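Structural features, examined
Listed below are the residues making up each chain.
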Amino acid sequence: QVQLVESGGGLVQAGGSLRLSCAASRSISSINELDWYRQAPGKQRDLVATITKTSSTNYADSVKGRFTISRDNAKNTVYLQMNSLIPEDTAVYYCSANFLFRRYWGQGTQVTVSS
């Protein structure tokens, strides 16, 4: 089982930056895939970024070049560095882990980008 706790959300002006953190309750070195998703009001939850156990990364087209996902195995934490934020990035951001054929979710953290 994996418990995930996100932090770092908030209100930021367009063009600004935020760094989200996701702390896991167990060692993440054994977790094959860690992801960040987001869900805007009235919309489906979309995959934003993925990092694998070997630190291979993948991004949604809408955030490529602006967001960076990283992992610190020593701290059991995954990060999402978000730069050049735009109002369309406003959403609840969720951390997720794919571990032993189950998907685990955090409670989410709100990111609001004002124009």
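Along each chain, residue indices are assigned from 1 in the same order as the chain's sequence is written. It should be noted that, the model being predicted, local features are given only for residues of pLDDT at least 70 and side-chain atom pairs only at 80 or more, the latter also being counted only at that level, while totals for whole chains, interfaces and linings use all residues. With hydrogens and water set aside, each side-chain value is computed from the structure's full complement of heavy atoms.

Some details on the sheet that holds strand β3 (residues 18-24)
Where we set the bar: One bridge is not enough; two strands pair if DSSP finds at least two bridges between them. The numbering of helices and of strands both runs from the N terminus, where a helix is a DSSP run of H or I of at least 4 residues and a strand a run of E of at least 2. Only the stretch in contact is used when a helix axis is fitted, and all axes are lines through C-alpha atoms; the angle between N-to-C directions ranges over 0 to 180 degrees.
Taken in spatial order, the four strands make up an open sheet running β1-β3-β8-β7, and their pairing is antiparallel. The open sheet terminates on both sides in strands that have one partner only, identified here as β1 (4-7) and β7 (67-72). Between one strand and the next, the sheet's axes are offset by a mean angle of 15 degrees, whatever the strand orientation. Bridge analysis of β3 against strand β8 (residues 77-82) gives six bridges, and the strand direction is antiparallel. Pairing of Leu20 across the sheet is with Leu80, part of β8.

Overview of the pairing of β3
Inclusion rule: Relative accessible area decides the class of each residue, using a 1.4 Å probe on protein chains only: under 20% of the type maximum gives buried, over 50% gives exposed, and in between gives partly exposed.
For β3, the tally of buried residues reaches five of seven residues, placing the bulk of the element in the interior. Of the pairings in the sheet, the one linking β1 to β3 comprises four bridges and is antiparallel in character. Looking at the pairing, Ser7 lines up with Ser21 of β3.

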